[in-house]
Each structure stands twice: as C-alpha cells, then as structure tokens.
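Here is how the chains run, residue by residue.
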Amino acid sequence: MSGLFLTLEGIDGAGKSSHIDALEVLFKASGRTVTRTREPGGTPLAETLRGLILSQPMDALTESLLVFAARRDHVVQVIVPALARGDVVLCDRFTDATFAYQGAGRGFDAGVLSTLERWVQAGQGADADALLQPHITLWFDLNPEVAAERLAGARLPDRFEAQPVEFFRRVAAGYAARAADPRFARIDADLPRDQVWHQVEAVLRQRGHLA
Ligand SMILES: Nc1ncnc2c1ncn2[C@@H]1O[C@H](COP(=O)(O)OP(=O)(O)O)[C@@H](O)[C@H]1O
Ligand SMILES: Cc1cn([C@H]2C[C@H](O)[C@@H](COP(=O)(O)OP(=O)(O)O)O2)c(=O)[nH]c1=O
C-alpha cells in the first residue's frame, strides 16, 4: 500500500488541532498505520528549533531558514520513511504555512521560499526533480476575527498568535492564493465542530483516501 501524506493548514485558531485525534482514529479504523506529526517539529532537533521559532524575536530570513532547517530534518527522519512504509502521515502544518506566514504574513520573498522548498523537499537520485508535496491539504478557512475570538482565553499566545488581526488577514489571503492547487480541500471552519468534521470525512471519501 502506498503512503498518504495529509497536511492540515489554516490560521491560528481555525480549528485544525481539534480534528487530528478523530482523523487518526478514522484512518486506523480503516486499517491504516498512522504517523502523526507536526511542523515546526516532529523530531528532537526540529522540536528544539520550534521552541526558538515560537519564542525568540528574529528577522524573516532567519525565521524562514529555521523553519526549513526543521523541515529538512523532519522530512528525512520521519516523513519520507513513513511514506515508504505505506503509512498515513498526518502532519499539522507543512510548507504552505511558510508561504502563508513568512511569505504573505511577514512579507518575505516568495522566490527565496520556493528555492528553499526545492532544496529541502527534493527527491533522491532519479527522483531529484520530484518535490515531496502533500497528497491532500485540508485548509481550515476561517475569518481572522472569529479565529481571534476563539483563541482569546483559550491558551497563552506564542510569538505568532500574539500578532494583530491584520497579520492574520495577510496570512489568510496567503492561504487563499495557494488554494487553487487541486491538492487543497477547503473546509468551511466557521461552523459547529460536528459540521466541520462532517466536511473533513466527506472530502476524504470523495477523493478516495478512505475505504
Ligand atoms: N468549530 C468550532 N467552533 C467553535 N470553537 C471551536 C471550533 N473548533 C475549535 N474550536 C475552539 O477554538 C480554539 C482553537 O481551536 P484549535 O483546534 O486549537 O485551532 P488551531 O489548531 O487551528 O490553532 C480552541 O479553543 C477550540 O476548542
Ligand atoms: C510550519 C510553520 C508554522 N508557522 C507558525 C504558525 C503557528 O503560529 C506556529 C505553530 O503552529 P501550530 O503548531 O499550529 O501552533 P499551535 O500548536 O499553537 O496550534 O508556527 C510558521 O510561521 N511557519 C511555518 O512554516
């Protein structure tokens, strides 16, 4: 069985994390082995970098280099081996977040991000031209004002969550610009949890990712 690389994306507070447990249960019930992971993070080195990225002030190039450094370790150590075993890889954020947060949010050069993406996600040997990309990206689309209301009081904000709503408007626009890619599945996240989940399950069945 071939591996499935599924990512979850959206602005902070859109409701991604609320559905990861249920996704794991769903895929396991269909007989799949699940590797559940996140970015930045997913390996000891990448989790160390995550702690720095989420807490230390830095310029946008430093931030971009650190998220891609963390990603490289994660891709090599976890994602590629898991896909080779045939696992379902459930990954909370991947490179779309870099284009949305560092690119659209922070205004960093998308051309440089694309170059880093090619270095970090390039295949090996004969597959060198094939970039590792998710098979499906569940994009939780939510108005930034609603997301901010949901987050208020829910948890202590990290360096990104502490940004003003204008930052998240730019990040949301960055996601919307990438959503033309057919691997994106838009989930209307401005609905009660059970209806959000219903959309997630429906899109996985429609696209043939669930038996
Ligand atoms: N559909 C929903 N309606 C209302 N509140 C929600 C919904 N989904 C999640 N929440 C709440 O919103 C907050 C952010 O959700 P979370 O899943 O942590 O978002 P993310 O992982 O995208 O940052 C949490 O307090 C969560 O309980
Ligand atoms: C993967 C990635 C995340 N981020 C940011 C988005 C989030 O604000 C933060 C951590 O993501 P996330 O794991 O969604 O945070 P939480 O566990 O608090 O819900 O990192 C980037 O800025 N660039 C990236 O490439």
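The model shown is predicted, which means the values in this text are computed figures rather than measured ones.

Overview of the UniProt feature "binding site: ATP" (unreviewed entry) in the chain
Line of reasoning, step 1. This chain's UniProt record puts "binding site: ATP" (unreviewed entry) on Gly10, Ile11, Asp12, Gly13, Ala14, Gly15, Lys16 and Ser17.
Line of reasoning, step 2. Contacts of Asp12, omitting those with residues within four sequence positions, involve Arg93, Tyr101, Ala147, Leu151, Phe160, Glu161 and Phe168.
Line of reasoning, step 3. Of the polar contacts made by the side chain of Asp12, one reaches the side chain of Tyr101; its length is 2.7 Å.
Line of reasoning, step 4. For Lys16, the position within the fold is in the loop between strand 1 (4-9) and helix 1 (20-29).
Line of reasoning, step 5. Non-local contacts of Lys16, meaning those with residues more than four positions away in its chain, are made with Leu8, Glu9, Gly10, Asp92, Arg93 and Phe140.

Thoughts on the sheet that holds strand 4 (residues 136-141)
Line of reasoning, step 1. Strand order in this open sheet of five strands is 2-3-1-4-5, and the pairing throughout is parallel. Two strands in the sheet have a free side with no partner beyond their single neighbour: strand 2 (34-38) and strand 5 (184-188). Each strand of the sheet is rotated relative to its neighbour by a mean of 20°, with strand direction disregarded.
Line of reasoning, step 2. In this structure, strand 4 lies alongside strand 5, joined through five bridges in parallel fashion. Note that in strand 5 the partner of Trp139 across the bridge is Arg186.
Line of reasoning, step 3. On the sheet, helix 3 (residues 60-85) packs against strand 1, strand 2 and strand 3 (88-92) and is oriented at approximately 155° with respect to strand 2.

Here's the deal with the packing of aromatic side chains
Line of reasoning, step 1. In total, this model carries seven aromatic pairs according to the counting rule given.
Line of reasoning, step 2. Look at Tyr101 and Phe168: their rings are 6.4 Å apart centre to centre, the planes differ by 80°, and that puts the pair in the edge-to-face class. Of the two residues, Tyr101 is situated in helix 4 (residues 95-105) and Phe168 in helix 7 (residues 165-178); the sequence distance between them amounts to 67 residues. Residue Tyr101 shares its accessibility class with Phe168, and that shared class is buried.
Line of reasoning, step 3. Here Arg71 stacks its cationic end above the ring of Phe94, 5.2 Å away from the centre of that ring.
Line of reasoning, step 4. The ring of Phe160 has Arg159 lying over it, and the distance from NZ or CZ to the ring centre is 5.2 Å.

Some points on the confidence of the model for the chain
Line of reasoning, step 1. Per-chain confidence: the chain averages 96 in pLDDT, with 100% of residues scoring 70 or above.
Line of reasoning, step 2. Prediction confidence for the complex, expressed as pTM and ipTM, is 0.97 and 0.97 respectively.

Let's talk about the site of ligand 2
Line of reasoning, step 1. Around ligand 2 sit 17 residues, and of these Asp12, Lys16, Arg93, Thr98 and Gln102 come closest.
Line of reasoning, step 2. Arg50 is positioned with one of its side-chain polar atoms (N or O) 3.1 Å from an oxygen atom of ligand 2.
Line of reasoning, step 3. Residue Arg93 places a side-chain N or O atom 2.7 Å away from an oxygen atom belonging to ligand 2.
Line of reasoning, step 4. Burial of ligand 2 by the surrounding chains reaches 93%, relative to a free accessible area of 560 Å².
Line of reasoning, step 5. Of all the secondary structure elements, the ones that give two or more residues to the shell around ligand 2 are helix 3 and helix 4.
Line of reasoning, step 6. Looking at which element gives the most residues to the shell around ligand 2, the answer is helix 4, with four residues.
Line of reasoning, step 7. Among the residues forming the shell around ligand 2, the class breakdown is six nonpolar, two polar and nine charged.

Digging into helix 8 (residues 193-206)
Within an α-helix, residues lying three or four positions from one another point in the same direction, as the helix has 3.6 residues per turn.
Line of reasoning, step 1. For helix 8, with 14 residues, the first-to-last C-alpha span of 20 Å sits near the 20 Å given by 1.5 Å per residue.
Line of reasoning, step 2. Burial in helix 8 covers these residues: Val196, Trp197, Val200, Val203 and Leu204. Along helix 8, the residues classed as buried sweep out an arc of 130° about the axis, all on the same side. Pointing more than 90 degrees away from the buried face of helix 8 are the exposed residues Asp194, His198 and Gln206.
Line of reasoning, step 3. Contact partners of the buried residues in helix 8: strand 1, helix 1, strand 4 and strand 5.

Conventions adopted
- Residues numbered from 1 in each chain as written.
- Chains lettered and ligands numbered in written order.
- Predicted model: local features only at pLDDT ≥ 70, side-chain atom pairs only at ≥ 80, totals over all residues.
- Heavy atoms only, no water.
- UniProt positions renumbered as here; feature names shortened; annotations may be inferred.
- Contact = heavy atoms within 4.5 Å.
- Polar contact = N/O pair within 3.5 Å; in protein donor to acceptor, adjacent residues only side chain to side chain.
- Helix = DSSP H or I, 4+ residues; strand = E, 2+ residues; numbered from the N terminus.
- Pairing = 2+ DSSP bridges.
- Axes fitted to C-alpha atoms, helices over the stretch in contact; angles between N-to-C directions.
- Phe/Tyr/Trp six-rings, centres within 6.5 Å; stacked < 30°, edge-to-face > 60°.
- Buried < 20%, exposed > 50% of the residue type's maximum accessible area, 1.4 Å probe, protein only.
- Lys NZ or Arg CZ within 6 Å of the ring centre and 35° of its normal.
- pLDDT = per-residue confidence, 0-100.
- Near = heavy atom within 4 Å.
- Areas by Shrake-Rupley, 256 points an atom, 1.4 Å probe, with all protein chains shown as cover.
- Nonpolar A, V, L, I, M, F, W, Y, C, P; charged D, E, K, R; others polar.
- Expected span 1.5 Å × (residues − 1).
- Arc of directions from axis to C-beta.

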